[in-house]
Structure formats: structure tokens, C-alpha cells
Amino acid sequence: MTVSSAFRKALARVFVFALLALFLLPVGTYFFTGYVQRDQDASFVEGISQRIDAEKAMPQAEKQARKDYYRSNPPSTICDNTAPEAQDYREALCERYSDVWQFDMARKASLWTIVASALLLLAVLGLGGLAFADRTLQYKSFVTGWRLTTFASAAALIVQGAMAVWLSFWVTAFFFHKYSPKLVLLVGFVVLAAVLVAVRGIFKRVQSDNRAVGELVSEDDAPLLWTRIRHMAERLKTAPPEHIVAGIDANFFVTEAPLTVGDKTLTGRTLFVSLPLLRILDQSEADAVFGHELAHLRGGDTKSSALLGPKLVQYDHYRHAMRTGGLTVMISPLLDLYRIIFEIALARDSREREFKADRIAAKLISPAAIAQSLVKIAAYAQYRYKIEDELFGRNERHDNTTLGIASFVAQGLAPYAASDDFLSAMKHANVPHPYDSHPAMPERLRNVGMALKEQDYGGIAVRVPAATWVQQILTADAIEQRLWSAYEQQFAQDHERSLAYRYEPVNDEERAVVLKYFPPVVFQLKDDDTVEVSIEGIRTSADETTVFWDAVKALEYKESSFGNALIVTHPEKNALGLGAKTSKIKLAGMKKEKDQFNATVGHYWQRHQIMRAHQQGA
């Protein structure tokens, strides 16, 4: 598997950030404590030497001996000196929480943190390497790495947080001979909050919910299809699926993870079949696809995915919590590094699994059947995406009762297959799949020994099948009608919502769409005054003025004993030309609704920015 230059740079950047997260603070603490200890040693030795020299009754030889002793055993070393003659010296300087004791402990803690961080980094890289070395170890290596990195990151927060609090006192105390209690308390509070976020993230359990939009196909609905799939599973010496789900997504897949379909959760082996794709595949081509999916069941791919999937979801939720938890962002690069390494291993393994499943399907049915099915599926998926993208990009509302995405695709696939755009797209096309990243289609064709010419793709894509498995599913037409109706209704609704962000609006029809999703919102203020947030801007009844969104560059809500206010920064300079112009929207009396007000203002302002950006792009 080749890794692009951009990806290598991104990986290197994450690695550098991980190094900084692990080593920056402990290394900084180590060198700071060393610097202070050297300064303390020099001051102590100089002071004690002066006191020794001041002893008039002491012989010169004894004076020199004592000075040599203190030079050889400065304060930075005495806390670890167990010699009997050093006991009084040690007890005088190394009392618990004394300056000498603190710096000695901080230096040791920083050194051991550096060592532990290095071991942790090696462990992360080693566990990532195991995922490459042996597929059977992937689950165990990830679970081990997941537990190690999450608990180690929380421990790193505690240790490095303690260092940060300690440094917030001593850096100012040493260099400026004063300290700020507020700074120490602030750092301590931020560290405590970060530790709580990390610990809570470790023990929080995330439910993994796999859903598929479709309907169950019983054996009574498609007896021949069930018989065919069971026969193929028997030939591959694997257990057949326990459920068949028919849908309109442009893919096929199998899973052993719990799958929610409608109001039912299916357990065991489930095969998802695409009815639109089954209409363009002849039975041998569809059989090749079924063989490919059954090969995943035989090879343990789905069982492995079912075990690993929830762990990946849990880990990704923890990473997200660390990125958005304030100070916890400092430990997220280590989590990201391990996740990226593991993802590369999974992608490589997924690629090999797909190649193997294709070869099994080619042997079970024929190389031509699997090759032609790949071309047809990729062509349909590419063109359907193109159609839906064009429909979603239109600036007029769609009537979901006449949208007809399926008919659009069916009527336009043949002209598309004859176009230059089609050939260009097929060179890089892959077959969509909800759980795996599939290799590019030309590579998969070569893998099964079918070197199809580019000019043959179009003919294969539009070849009408003589017989299909859809004809053997008694409920296929009814299922498709229900699913397409629901899909197009949701598509039209999502498109209409996007229009509410795109329209300025410039006429009554557009205004009706925008106001459906962004109606004026009124908030009550003091003395029956109100503030209204609308698509035009923010209007207050007290002074009957409106701050229009085009006149807003930034917004800041401020609370004070004299009354709350929204500070508006405008795009233009102030009267003196020395900075941005600002104005104040007084919000006297707003208390409980402040969060809702801020959320509404942010939402409506965001809509306006998106609208202006869309206009400029258009």
C-alpha cells in the first residue's frame, strides 16, 4: 500500500506533536530544576565558604577541608547522600517540602517521566507494528494499545499537570522573586478540570449503533435466492447468512455485528443486498458478488470487524473528548498517532481481504462475472452520486413526489457511460462499502486476471441482463417503492434546509423557505423591551435600530453589574482609524435566556456567513 506525500507529512506532524506532548513539559522541568539547583549550589557553597573563612580559631587546613567537602557535596546531591557524616547536613537541608527537597523531587520526577514517556512511545509503536505483522493479533494489540494509551494519557495529565502547577509558582518566584497566587490557582483549576475530563472519558461507555436502511427478505419472499446463497455458502464451507436485508444503497455487504433495520436489531450473520444494483446485474454477476461477501464470512473478516468496530468507536469518542476538553488537548497527539498507525494497518489488511475475496468469487463463479459486476457497480455508484450531487446543488426546491432519483439514474446511465467523464471517473473508481476501504477498481480487475480495456467499460455498464435475482424477490418492487419514497422525501427536506442557508432571500418564495428554518426569535428584556434576532440582523425595541449581519465582523457577549450587552465589532475602522469600529447592543434584564440568546445569534450569523460565501462562490 502506497502512502501519499501529503499523508506522510501529516503523519510526521502528528508524530512531532506527540513528541512535544510527551516530552516538552518534563524536559523543560528537568532543565529548569537543573539550572536552579546549580544556582543554589553556587550560592550555598559561596556563603558557607565565607562563614568558614570567618572562623578565626579554625586551622587553615581544616577550613580548606570543609570547603572542599561542601564543594564536593553541594545541596543538589545531599538528599541522596546516606553517609553517616552527612546526616546533620542532610537533615538541615532536605526537610520535607523545603526548597532543596522540592527541586530534588521535581528533577527526579521529570527524569522518570521522560523515561516513562520514551517507554510509552516505544510501546505504542510496537503495538502498532503488531497490527501490521499479524492480522490475528490486530484485535488484541488494539485493545492493549487502547487501554495503555487512555490510562497513560490520564496519568500523563496528572503528572505533567502537577509539574505545571509547581512551575507556575517557581518560575516567577525564581526569576522575578515574587509569585502570583491567582496564576497558581488558575493553572491548578485547569489541570484538575482536564484530569476529570480524561478520567470520565476512560470510564464512559459508548453504544455502537450499526444501522441499515432496508427491509428483511424472508425465505418465503425469495426461496430461490435463499437456496442459491445457502448452496454457495456450502461450497465455501461456511455458515450461510441468517438474515437478508434488501435496500436501495449502492453497495453489498455482510456483517456479524448487531444491525438495526427499522425497529428490529438483527444478530448473527446478515447479508445486505442492493435492489437497484441487482436490477443491472445478471444472475451470474450477482452470484459473484454474493460469493465475494460469503468469502468475507468464511475468512473471519466480519467476525473480526464485529469485535473491533465497537472498540474503535469507543477509542475515537475518547480522542474527541480529549481534543475538546481544554488542557486535555495536550495529550491527544499521542492518541492520534496510535490511531493513525492502526488505521494504516487496517487499510492494508482491508485491501488484502478484498483481493482475496475477489479471487475466491472468481474461482467460485468466474473471473468475468466478478469483473463485470465490479464495473457495473462502480459505474452505477459514480453516476448516482453525480446525479444526487447535481440535484442537491440546484437552487430550486424539489417536490419529493416527483423527484425520481431512480429514474434519473436509469435514464442517464447509458449517455454517461459513453462520455469522457465516465472513463476518467472509472480509472479511479472503487466499489462503495460501509465497513471497508476498497482498492481502486482497475487493481481489483487485474487481481482476478481480467485486463479489461477502458473502451469496454461503457458497454459492460449498460449491458441489460437477461435474468436477475430481483425477479425472484416477490416483494422487491414494493420494498423499493417504499424505500425510494422515504429516501427522496428526506433528500428533498435536506435540500430545502440547505436552501435556507443559501438564499439571501430575494423574493417571497425564497423568503418563505428561509423563514421556515430561521423565523424571527424575540427575547424579553427589562421594562417590556425586547431584542429580536432575525435573518436581517439584531433589532432592539428600546432604540428601534437594527444591526445588520453585513455590518458584523465579530460578536462578544459581556456581563456586568451595570447590565449585560452584546459587543459588535464592525468591518470598518473607528473614527480615529486606529482600530475596528465597535457598538453595543444593551441587553438589560437578560439572565436565564442568555445561553439561548447566544446560541440563536451564533446560528443566525453563521447562516448569513454561509449565504454570503455561497453567493461569492456562485
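Every value quoted in this text rests on a predicted model; they were computed, and no experiment measured them. (Residues numbered from 1 in each chain as written. Predicted model: local features only at pLDDT ≥ 70, side-chain atom pairs only at ≥ 80, totals over all residues. Heavy atoms only, no water.)

### Some details on the overall build of the chain
Step number 1: Looking only at helices and strands, the chain features 20 helices and 13 strands.
Step number 2: Taken over the C-alpha trace, the chain has a radius of gyration of 34 Å; the compact-globule value for 618 residues is 25 Å, which it surpasses by more than 25%.
Step number 3: Out of the 618 residues belonging to the chain, those deemed buried represent 44%.
Step number 4: Only carbon and sulfur atoms are counted for the fraction: they give 57% of the accessible area of the chain, which is about 32,500 Å². (Helix = DSSP H or I, 4+ residues; strand = E, 2+ residues; numbered from the N terminus. Rg over C-alpha atoms; globule rule 2.2 N^0.38 Å. Buried < 20%, exposed > 50% of the residue type's maximum accessible area, 1.4 Å probe, protein only. Areas by Shrake-Rupley, 256 points an atom, 1.4 Å probe, with all protein chains shown as cover.)

### A short note on the pattern of salt bridges
Between side chains of opposite charge, pairing is possible as soon as their charged atoms come close.
Step number 1: Within the structure shown, the criterion is met by 32 salt bridges.
Step number 2: Among the salt bridges present, the one from Glu 215 reaches Arg 482, with a minimum N-O distance of 2.8 Å. In this pair, Glu 215 is assigned in strand β1 (residues 215–216) and Arg 482 in helix α18 (residues 476–502), connecting sequence segments 267 residues apart.
Step number 3: The exposure class of Glu 215 is partly exposed, given its relative accessible area of 22%.
Step number 4: Under the relative-accessibility criterion, Arg 482 is labelled partly exposed at 45%. (Salt bridge = Lys/Arg side-chain N within 4 Å of Asp/Glu carboxyl O.)

### Focus: the sheet that holds strand β11 (residues 554–558)
Step number 1: Pairing is antiparallel in the open sheet, where three strands are placed in the order β11-β12-β13. Of all the strands in the sheet, just β11 and β13 (580–586) have a single pairing partner and so form its edges. Neighbour-to-neighbour, the strand axes of the sheet open up by a mean angle of 25°, direction not taken into account.
Step number 2: In this fold helix α20 (residues 594–617) packs onto β11 and β12 (565–573), with an angle of close to 175° to the strand it touches most, β11. (Pairing = 2+ DSSP bridges. Axes fitted to C-alpha atoms, helices over the stretch in contact; angles between N-to-C directions. Contact = heavy atoms within 4.5 Å.)

### Here's the deal with the layout of surface pockets
Step number 1: Approximately 320 Å³ is the volume found for the second largest pocket.
Step number 2: Along its surface, the second largest pocket is lined by 17 residues, and Ile 280, Tyr 380, Val 409, Ala 410 and Leu 413 are the ones closest to its centre.
Step number 3: Going through the elements one at a time, α9 (275–280), α14 (405–417) and α18 are the ones with two or more residues in the lining of the second largest pocket.
Step number 4: Element by element, the count of residues in the lining of the second largest pocket is highest for α14, at six residues.
Step number 5: The residue makeup of the lining of the second largest pocket, split by class, is 13 nonpolar, one polar and three charged. (1 Å grid on protein atoms, 1.4 Å probe; cavity = no way out; pocket = protein on both sides within 12 Å on 5 of 7 lines; lining within 4 Å. Points joined across faces, edges and corners; volume = space filled by probe spheres on them. Nonpolar A, V, L, I, M, F, W, Y, C, P; charged D, E, K, R; others polar.)

### Let's talk about empty space enclosed by the protein
Step number 1: Applying the stated criterion across every chain yields a total of two cavities of 30 Å³ or more.
Step number 2: In this structure, the second largest cavity occupies an estimated 60 Å³ of space.
Step number 3: Along the walls of the second largest cavity sit Ala 21, Leu 22, Leu 120, Ala 152, Ser 153, Ala 156, Gln 160, Met 330, Ile 331 and Leu 334, which together make up its complete lining.
Step number 4: Elements with a minimum of two residues in the lining of the second largest cavity: α1 (5–53) and α6 (138–176).
Step number 5: By residue number, the principal contributor to the lining of the second largest cavity is α6, which donates four residues.
Step number 6: When the residues that make up the lining of the second largest cavity are grouped by side-chain class, the tally is eight nonpolar, two polar and no charged.

### What about a positive patch on the surface?
Step number 1: Taken together, the side chains of Lys 237, Arg 298, Lys 356, Arg 359 and Lys 363 define a basic patch exposed on the protein surface.
Step number 2: Look at Arg 359 and you get partly exposed, because its relative accessible area is 40%. (Patch = residues over 30% accessible without salt bridge, like charges linked within 9 Å, V, L, I, M, F, W, Y side chains within 5 Å. Lys, Arg positive; Asp, Glu negative; His and termini not counted. Charge placed at Lys NZ, Arg CZ, Asp CG, Glu CD.)

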